[in-house]
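# Coordinate inspection notes
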Amino acid sequence: MSAAKPPAAQSPMPFTAISTKQGLILILSTLTLLTLTYVSFSSLGSTTQYRYSYPPPTTTIPTTTSSSFKEDVDLEEGANRESDKFSDVYHTPDVFRLNYAEMEKRFKVYIYPDGDPKTFYQTPRKLTGKYASEGYFFQNIRESRFRTEDPDQAHLFFIPISCHKMRGKGTSYENMTIIVQNYVDGLISKYPYWNRTLGADHFFVTCHDVGVRATEGLPLLVKNSIRAVCSPSYDVGFIPHKDIALPQVLQPFALPRGGNDIENRTTLGFWAGHRNSRIRVILARTWENDTELDISNNRINRATGHLVYQKRFYRTKFCICPGGSQVNSARIADSIHYGCIPVILSNYYDLPFNDILDWSKFSVVLKEKDVYDLKQILKDIFDEQFVTLHNNLVKVQKHFQWNTPPIPYDAFHMVMYDLWLRHSVIKY
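Everything quoted here is computed from the prediction, not taken from an experiment. (Residues numbered from 1 in each chain as written. Predicted model: local features only at pLDDT ≥ 70, side-chain atom pairs only at ≥ 80, totals over all residues. Heavy atoms only, no water.)

## Focus on the overall build of the protein chain
Worth spelling out the cut-off: Each helix corresponds to a stretch of at least 4 residues labelled H or I by DSSP, and each strand to a stretch of at least 2 residues labelled E; elements are numbered beginning at the N terminus. The contact criterion used throughout is that any non-hydrogen atoms of two residues lie within 4.5 Å. Throughout, the Shrake-Rupley method with a 1.4 Å probe supplies accessible areas, and for residues the shown protein chains are the sole cover considered.
Across its full length, the protein chain carries 15 helices and eleven strands. For the protein chain, contacts bridging at least 24 residues in sequence account for 71% of all contacts bridging at least 6. Carbon and sulfur atoms make up 56% of the accessible area of the protein chain, which amounts to about 23,100 Å² in all.

## Concerning the side chain of His155
Tracing the chain through its elements places His155 in the loop between strand 2 (147-148) and strand 3 (156-158). Beyond its immediate stretch of four places on either side in the chain, His155 contacts Arg106, Phe107, Lys108, Asp201, Trp420 and His423.

## Considering helix 4 (residues 132-143)
Count 3.6 residues to each turn of an α-helix, and residues three or four apart come out pointing the same way. We count it as follows: For a helix, the expected span equals 1.5 Å multiplied by the number of residues minus one. For each residue, the accessible area found with a 1.4 Å probe, counting protein chains only, is set against the maximum for its type, and the residue is called buried under 20%, exposed over 50%, and partly exposed in between.
In this model, helix 4 (twelve residues) spans 16 Å end to end at C-alpha, consistent with the 16 Å of a helix rising 1.5 Å per residue. Summarising burial for helix 4: nine of the twelve residues are buried, a large majority. Looking only at helix 4, the buried set comprises Ala132, Ser133, Glu134, Gly135, Tyr136, Phe137, Phe138, Asn140 and Ile141. For helix 4, the secondary structure elements touched by its buried residues are strand 1 (109-111), strand 2, strand 3, helix 5 (163-168), strand 4 (202-206) and helix 15 (411-423).

## Section: the pattern of salt bridges
Defined as follows: Salt bridge criterion: a side-chain nitrogen from Lys or Arg within 4 Å of a carboxyl oxygen from Asp or Glu.
According to the stated counting rule, one finds 19 salt bridges in the structure shown. Between Arg106 and Glu102 there is a salt bridge, with its nearest N and O atoms 3.4 Å apart. In this pair, Arg106 and Glu102 are both assigned in helix 3 (residues 93-106), four residues apart and thus about one turn of the helix distant. Judged by relative accessible area, which is 27%, Glu102 ranks as partly exposed.

## Structural notes on the pairing of strand 7 (residues 267-271)
Residues in a regular strand project their side chains so that they alternate between the two faces of the sheet. We count it as follows: A pair of strands counts as paired when DSSP detects no fewer than two bridges linking them. Orient the strands so they point away from the viewer; a crossover is then right-handed if the path from the first strand over the helix to the second runs clockwise.
Taken across its five residues, strand 7 has five buried, putting it largely inside the fold. In the sheet, strand 7 pairs with strand 9 (residues 316-322) via three bridges, with the strands oriented parallel. Looking at strand 9, one finds that Phe270 is bridged to Cys319. Where strand 7 and strand 8 (residues 293-295) come together, three bridges link them in parallel fashion. The residue of strand 8 that forms the bridge with Gly269 is Leu293. Crossover handedness for the path strand 7 to helix 10 (residues 278-287) to strand 8: right-handed.

## Examining the state of the cysteines
Filter applied, for reference: Cysteine sulfur atoms are paired as a disulfide whenever they come within 2.5 Å of each other.
Taken as a whole and assessed by the stated rule, the structure comprises two disulfides. Disulfide pairing is shown between Cys207 and Cys230; the S-S distance is 2.1 Å. Taking the sign of the S-S torsion, about -95 degrees here, the bridge from Cys207 to Cys230 comes out left-handed. Linking Cys207 in the loop between strand 4 and helix 8 (209-215) with Cys230 in the loop between strand 5 (226-229) and strand 6 (244-245), this pair joins segments that are 23 residues apart in sequence. Like Cys207, the residue Cys230 is buried in the burial classification. Disulfide pairing is shown between Cys319 and Cys340; the S-S distance is 2.1 Å. Looking along the S-S bond of the Cys319-Cys340 disulfide, the torsion reads about 105 degrees, which is the right-handed sense. One end of the pair, Cys319, is in strand 9; the other, Cys340, is in the loop between helix 12 (331-338) and strand 10 (341-345), and 21 residues separate them in sequence. The burial state of Cys319 is the same as that of Cys340; both residues are buried. In this structure Cys321 is not part of a disulfide, and its nearest cysteine sulfur, from Cys319, lies 6.6 Å away.

## As for the sheet that holds strand 10
The condition is simple: A fitted line through C-alpha atoms serves as each axis, taken over the contacting stretch for helices, and the angle formed by two N-to-C directions is quoted from 0 to 180°.
Overall, parallel pairing links the five strands, which are arranged 8-7-9-10-11 in an open sheet. Each end of this open sheet is capped by a strand with a single partner; those strands are strand 8 and strand 11 (364-366). For this sheet the average axis-to-axis angle between neighbouring strands, irrespective of direction, equals 20 degrees. The strands touched by helix 11 (residues 308-315) within the sheet are strand 7, strand 8 and strand 9, with strand 9 carrying the most contacts at an inclination of about 125 degrees. Contacts between helix 14 (residues 383-396) and the sheet are confined to strand 9, strand 10 and strand 11, with strand 10 contributing the most and set at about 95 degrees to the helix.

## Some points on the pairing of strand 10
Counting buried positions along strand 10 yields five of five residues, so the element is predominantly enclosed. The two faces of strand 10 match: Ile341, Val343 and Leu345 on one face and Pro342 and Ile344 on the other face are all buried. Looking at chain direction, strand 10 and strand 11 are connected through three bridges and run parallel. Bridge pairing links Ile344 to Val365 in strand 11.

## Quick notes on the sheet that holds strand 3
Spatially, the six strands line up as an open sheet ordered 2-1-3-4-5-6, and their pairing is parallel. The open sheet is flanked by strand 2 and strand 6, the only strands paired with a single partner. Along the sheet, helix 4 contacts strand 1, strand 2, strand 3 and strand 4; its crossing angle with strand 4, the most-contacted strand, is approximately 135 degrees.

## A word on the nonpolar core
Cut-off, in case you're wondering: In this description, a nonpolar core means a group of buried Ala, Val, Leu, Ile, Met, Phe, Trp, Tyr and Cys residues linked to one another through side-chain atoms lying within 4.5 Å.
In terms of nonpolar packing, the biggest core is built from 82 residues, with Phe137, Phe318, Met416 and Leu419 touching the most fellow members. With eight residues, helix 15 is the largest single contributor of residues to this core. Setting aside chain neighbours within four positions, we find Phe137 in contact with Phe158, Phe203, Val205, Trp402, Phe412, Val415, Met416 and Leu419. One finds Tyr112, Phe157, Leu187 and Leu221 within the second-largest nonpolar core, a separate group that totals 25 residues.

## Some words on the packing of aromatic side chains
Ring pairs (aromatic) are described by centroid distance and by the angle formed between their planes. Put simply, the rule reads: Classification of ring pairs uses Phe, Tyr and Trp, with its six-membered ring standing for Trp, and accepts pairs whose centres are within 6.5 Å; under 30 degrees between planes counts as stacked, over 60 as edge-to-face, and the remaining range as tilted. Only lysine NZ and arginine CZ atoms are considered, and such an atom sits over a ring when it is within 6 Å of the ring centre and within 35 degrees of the ring normal.
Within the structure shown, the criterion is met by 31 aromatic pairs. Geometrically, the ring pair formed by Phe96 and Tyr417 is edge-to-face, given 5.0 Å between the ring centres and 85 degrees between the ring planes. Note that Phe96 is positioned in helix 3 and Tyr417 in helix 15, a separation of 321 residues in sequence. By relative accessible area, Phe96 is classed as buried at 2%. On the accessibility criterion, Tyr417 (3% relative accessible area) is buried. Between Tyr110 and Tyr112 the ring centres are 5.8 Å apart and the planes differ by 80 degrees, which places this aromatic pair in the edge-to-face class. You can call Tyr110 buried: its relative accessible area is 9%. Each member of the aromatic cluster is reached from another via a ring pair, and the members are Phe107, Phe137, Phe138, Phe146, Phe158, Phe203, Phe412 and Trp420. The aromatic ring of Phe386 is capped on one face by Lys317, whose charged end is 5.5 Å from the ring centroid.

Honestly, it's all geometry; don't read function into it.
Following this line, the structure appears as structure tokens:
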């Protein structure tokens, strides 16, 4: 038996093949190193020129680069200025700014056409006096971009009945209630819109307290629809998350707007008016003889001089605003207009635009029991605090001014914004 042959030995790789492969690797490595070195030196040489540019610009620079940069800077500065306008006095400035812009673009209101304008419907009674807010709203809504003739586009429906016009014609409260009831029943039977939400997307406006009394007997209207009223007291059925506090503004103002005049305000506090409420009686009896608080026991007699009452607002730091026959008072808007910090004395007052404006930033809000400590409370406010309150007050003056036609951020637009907020929670 022959022995097995050992396996044949493998031939070694030729030297020339090894050297060729290694040579290629060496060449590639060298080229890579040279390329990286060149790029590094190129970047190093350009560092001084483009130190603040990342990534570095190309060699061909578009001619619009500088103008685009300027536009970006201008936009940023404009945004900063816009943000500055929405600070200090708002609960959520950015939310207000964005939602307000959305409202301006989208919000639509349908006004029911029913009712004779010569009686109690459609048109305002007048645009003057302490109940002018109702009249201005009736007129402004027709002048604004928010009105739509197409009810299918509407977010809300306006019931254009004016209790102020009824009062002007001497209508009794009982008859007012009947007139309002018949009008609303007619809308319900004629149109399909009320029944979709049981009136939750409907609203009416009344500034005079007779409007509150005239509708008290209509629970379907009071509980379901949105009420924009000047008497937003919790003890007369006002529902804060649903209803709206309408600012009671006595227009036209007798004198120009005040503000930025701190050096002229030397009187600590001022009030004069009818003693037609318990808190006003207490205020007058407690402080009428004080030397630092200018508290009158009654209204200022016009015989004492021209516009004496209004001129005192200019000289005063804090203007006392107790409720009268109702919780509201036109004196609050007067104080804001004349640059005097309003001091609200009330237990049940849902202040106008309270869900938008932070009243603690431009007013002093007290309970009625604080009337006995009123002077000390006002004296305890440091000068720096007063200056801040005053400066913020000037910022909100535009919100408590009615105009015709309406202008952005005035009282009408703030009421519309409140309505816009409430419409967003209505589902149907």
